[in-house]
Amino acid sequence: MNLRKGLSLMLFLAAFAICEAQEMPIQYTLGENYSDRYKFSTVLSISAGSAEKTVLIRTYYGGMPLRPKGHFIELYDADMNLERDYNYKYAGEHMVDGFVRNGQLYLLELKYDWNKEAYDYIVHQSPLHEFNFTERTLLSVPSKEVLNPLAANKYHRNFKNGFSTSTFFNDERTAFAITVHHRQGKEEKYTIYLFGTDLKKHLSYDFSGQIAEKNYAFENIEISKDLKTIYLMGKAYFKKRRFDAKERRFQYELVRLDNNGHRIQEFADTGRFPEALKPLLVDGQLTAVGFYADRKDRRYNGLVYYKLDAQNLDIQSKKYNLFSNQFMLDKFGREVDAEIKNLIFKDVHITPNKDILFSAEEYFVTTGTDISEGHTRKVQNYHYNDIVCAKLDANGNMVWARNINKNEVTRGDESYASYSAFGKDGEMYFFINSGEHPQTLGKNRIVFKQGYSKNPNMFVIRLNGQGEMDYRKLIDDKEVRLPIMVSRPLIDKTANQLLFYAKRGSKKQLIKVRFGGATKISEGK
């Protein structure tokens, strides 16, 4: 029996060696390694400027304890040469995002105005050719100041906070929605706004009448190309119902808004509990994809697909696809009724024949202790584990589902953890950081472990149209000695390329990954 297991493992490793020997249509180019004056910083945004330029905005920190001190802006040309930079010495209260439109750079900030007793969304604007920032107020909402006004938690929302707001950009970064939930006197107000990235307001909708029975925590959006209709998907938490201890207190709902009113579609089939749903609007056809559980403790059982009428949200068809035996073998090494939960939707790719390729990540937070500063304090550990990828045909039937075993945990900048995905020609590519070699598990399985380390390596994993998996180490630590922000690339689907930023301490570098041609193998391979 042991001999049989040994032979099986040898054949498995030999198969992966063959996969690694196959060429992938990927090549990469390294930018110059630059010195950097700000040792402690995080990326706020990375955007495409005009004439193939890249605009990177970082928040830098100083003092003890570390606090935001300002924003450093870098402009790179098409060859990843740093053309110029600018230090915008403004830290901001709650800097939400940054983007580029028509040669202008915009920084979106949420700020409390004590004189007006209101929260303001403020836009800091400057032309790229000559930095000169001006400010304008995009939106103002009267409210008392609260401790944490941004509703950013992936699982729970504090609806008793008094003021809670979120911002959602569409995938194309052409528009964004702002939701505001707050108290006005004795009444609760919920308002939804839609802006184009030209800062024109296309929609302002009072949703307050719908929150008497439920609190809404939206997670994903879709916006029509004419910016006149917005679809918001998320959890609707029941306010007045009684629940058992293990019973979930919400249901997923899709809300459609335009200037004529709103419609709501509930996803509440008896014995089926949808999770992590995302709306997709392709050529005027509206669908929603995600996961489902057949019990209330949020253990996922498979994939769900809905086809809806884009106007009235009526469900025209639906498919529940149980996880395949191959998926269970990938994840657990056997076919079992095991726990699959905490999946966060990440990426979607629509093929020319309207098949849907989408991926999600197993994400959760745990609490630990830290004694590094001489005293014990509670800290939060952010876990970015397995990748789930699935292919549905145009009618919502599952073609295949695969699980990529991954294990990462961080307390710091999450840009170095998680992954980025790119869909091309019916195939999905995943870029992750990992240790020198994936770890072999039992039952002919491997796992990619802790990418943000002293030996940063970027791997690419490919799933072809049939769900067959291979991988290779694309870049190793002998060529790029800086950890790569693998989950924060600038993705250019028109040019079939991704631009990654690498940084540690006082050094920084750009890496361009382009599809077309064979993989360039790093010297350490």
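Our structure is the block above this text.
Positions within a chain are numbered from 1, following the residues in the order the chain's sequence is written. pLDDT decides what is reported in this predicted model: residues at 70 or higher carry local features, side-chain atom pairs at 80 or more are listed and counted, and totals for whole chains, interfaces and linings draw on all residues regardless. Excluded from the side-chain calculations are hydrogens and water; all other atoms, namely the structure's heavy atoms, are used.

What about the nonpolar core?
Selection criterion: By convention a nonpolar core is built from buried Ala, Val, Leu, Ile, Met, Phe, Trp, Tyr and Cys residues, the set being connected through side-chain atoms within 4.5 Å. Categorising residues by exposure relies on relative accessible area from a 1.4 Å probe, with only protein chains included: less than 20% of the type maximum marks a residue as buried, more than 50% marks it as exposed, and the intermediate range marks it as partly exposed. Strands here are runs of E lasting at least two residues and helices are runs of H or I lasting at least four, both read from the DSSP assignment and numbered beginning at the N terminus. Here a residue-residue contact requires only that any non-hydrogen atoms of the pair lie within 4.5 Å.
Counting residues in each nonpolar core, the largest one holds 22 residues, and the members touching the most others are Val 289, Phe 291, Leu 303, Phe 323, Ile 340, Ile 356 and Phe 358. Listed by contribution, the elements that provide at least two residues to this core are β19 (273–282), β20 (285–293), β21 (300–308), α2 (325–332), β23 (343–350), β24 (356–370) and β25 (377–392). Residues within four places of Ile 356 in sequence aside, it is in contact with Leu 280, Thr 287, Val 289, Tyr 305, Val 348, His 349, Ile 350, Ala 390, Lys 391 and Leu 392.

Thoughts on the sheet that holds strand β7 (residues 94–101)
Where we set the bar: Two strands pair if DSSP finds at least two bridges between them. All axes are obtained by fitting lines to C-alpha atoms, using only the stretch in contact for helices, and the reported angles, taken between N-to-C directions, cover 0 to 180 degrees.
The four strands are arranged β7-β8-β9-β10 in an open sheet whose pairing can be described as antiparallel. Edge strands, defined here as strands with exactly one partner in the open sheet, are β7 and β10 (134–142). Ignoring strand direction, the axes of neighbouring strands in this sheet form an average angle of 20 degrees. Bridging between β7 and strand β8 (residues 104–113) involves seven bridges; their strand directions are antiparallel. Directly across from Met 95, in β8, lies its bridge partner Glu 109.

Re the side chain of Asp 330
Basically, it comes down to this: Pairs of N or O atoms within 3.5 Å make up the polar contacts considered here, provided that, within protein, one atom can donate a hydrogen while the other can accept it, and that residues adjacent in sequence are counted only when both atoms are side-chain atoms.
Along the chain, Asp 330 falls in helix α2. Overall, Asp 330 belongs to the buried group, its relative accessible area being 9%. Separated by 2.5 Å, the side chains of Asp 330 and Arg 402 make a polar contact. If sequence neighbours within four positions are ignored, Asp 330 has contacts with Ala 401, Arg 402, Asn 403, Asn 405 and Arg 445.

Description of the pairing of strand β35 (residues 497–504)
Most of β35 is tucked away: seven of the eight residues are buried. Direction of pairing for strand β34 (residues 490–492) relative to β35: antiparallel, over a ladder of three bridges. Across the sheet, Ile 491 pairs through a bridge with Leu 498, a residue of β35. A loop of four residues connects β34 with β35, the two strands running antiparallel in sequence, and Asn 496 in this loop sits at a positive phi of about 55 degrees.

With respect to the packing of aromatic side chains
Think of a pair of aromatic rings as described by two things: how far the centres are apart, and how the planes are tilted against each other in angle. For clarity, the cut-off: Side-chain rings of Phe, Tyr and Trp (the six-membered ring for Trp) are treated as a pair once their centres are within 6.5 Å; stacked means planes under 30 degrees apart, edge-to-face means over 60, and tilted covers the remaining angles.
Overall, the coordinates contain 38 aromatic pairs when judged by the stated rule. Ring centres of Tyr 112 and Tyr 119 lie 4.8 Å apart, and the angle between their planes is 65 degrees; this geometry places the pair in the edge-to-face category. Comparing Tyr 112 with Tyr 119 shows no difference in burial state: the two are buried. Aromatic pair Phe 291 and Phe 358: ring centres 5.9 Å apart, planes at 65 degrees, arrangement edge-to-face. Taken together, the residues Phe 291 in strand β20 and Phe 358 in strand β24 connect sequence positions 67 residues apart. One exposure class covers both Phe 291 and Phe 358, and it is buried.

Section: the pattern of salt bridges
Operational definition: The rule for a salt bridge is simple: a side-chain nitrogen of Lys or Arg has to be within 4 Å of a carboxyl oxygen of Asp or Glu.
Counted according to the given criterion, the structure contains 25 salt bridges. In this structure, Asp 36 engages Lys 503 in a salt bridge whose closest nitrogen and oxygen atoms are separated by 3.7 Å. With a gap of 467 residues between them, Asp 36 in the loop between β2 (34–35) and β3 (41–48) and Lys 503 in strand β35 connect regions that are remote in the sequence. Assessed through its relative accessible area of 3%, Lys 503 is described here as buried. Salt-bridge contacts for Arg 256 lead to Asp 258; the nearest nitrogen and oxygen are separated by 2.9 Å. For Arg 256, a relative accessible area of 8% puts it in the buried group. Judged by relative accessible area, which is 12%, Asp 258 ranks as buried.

Describing the sheet that holds strand β6 (residues 82–88)
Taken in spatial order, the four strands make up an open sheet running β3-β4-β5-β6, and their pairing is antiparallel. Of all strands in the sheet, those bounded by a partner on one side alone are β3 and β6. Recorded for the sheet is a direction-independent mean angle of 20 degrees between the axes of neighbouring strands. Of the strand pairs in this sheet, strand β5 (residues 67–76) and β6 are connected by six bridges, and their pairing is antiparallel. By the bridge assignment, Ile 73 is partnered in β6 with Tyr 86.

Let's talk about the environment of Pro 274
Here Pro 274 shows up in strand β19. Relative accessible area serves as the criterion here: at 0%, Pro 274 is assigned to the buried category. Separated by 15 residues in the primary sequence, Pro 274 and Val 289 place their C-alpha atoms 9.4 Å from one another.

Observations regarding the side chain of Asn 220
Its location among the elements puts Asn 220 in strand β15 (residues 214–223). Its relative accessible area of 14% is what places Asn 220 among the buried residues. Here the side chain of Asn 220 touches Leu 277 through a polar contact of 3.1 Å, landing on its backbone oxygen. Ignoring any residue separated from it by four or fewer positions in sequence, one finds Asn 220 in contact with Tyr 231, Leu 232, Met 233, Leu 277, Lys 278 and Pro 279.

Things to note about α2
As a reminder, the rule being used: Picture the helix axis, draw a direction to every C-beta atom, and the arc is the one those directions span.
Among all positions of α2, only Phe 327, Met 328, Asp 330, Lys 331 and Phe 332 are buried. The buried residues of α2 all sit within an arc of 160 degrees when viewed along its axis, so they share a single face. In this structure, the buried side of α2 is in contact with β24, β25, β26 (398–404) and β31 (445–449). Of the residues flanking the start of α2, the one acting as N-cap is Ser 324, its side-chain oxygen 3.1 Å from the backbone nitrogen of Phe 327.

Some remarks on the environment of Val 409
The residue Val 409 is located in strand β27 (residues 406–410) in this model. With relative accessibility at 31%, the residue Val 409 sits in the partly exposed group. Each C-alpha atom of the pair Val 409 and Tyr 382 lies 5.4 Å from the other, and the pair is 27 residues apart in sequence.

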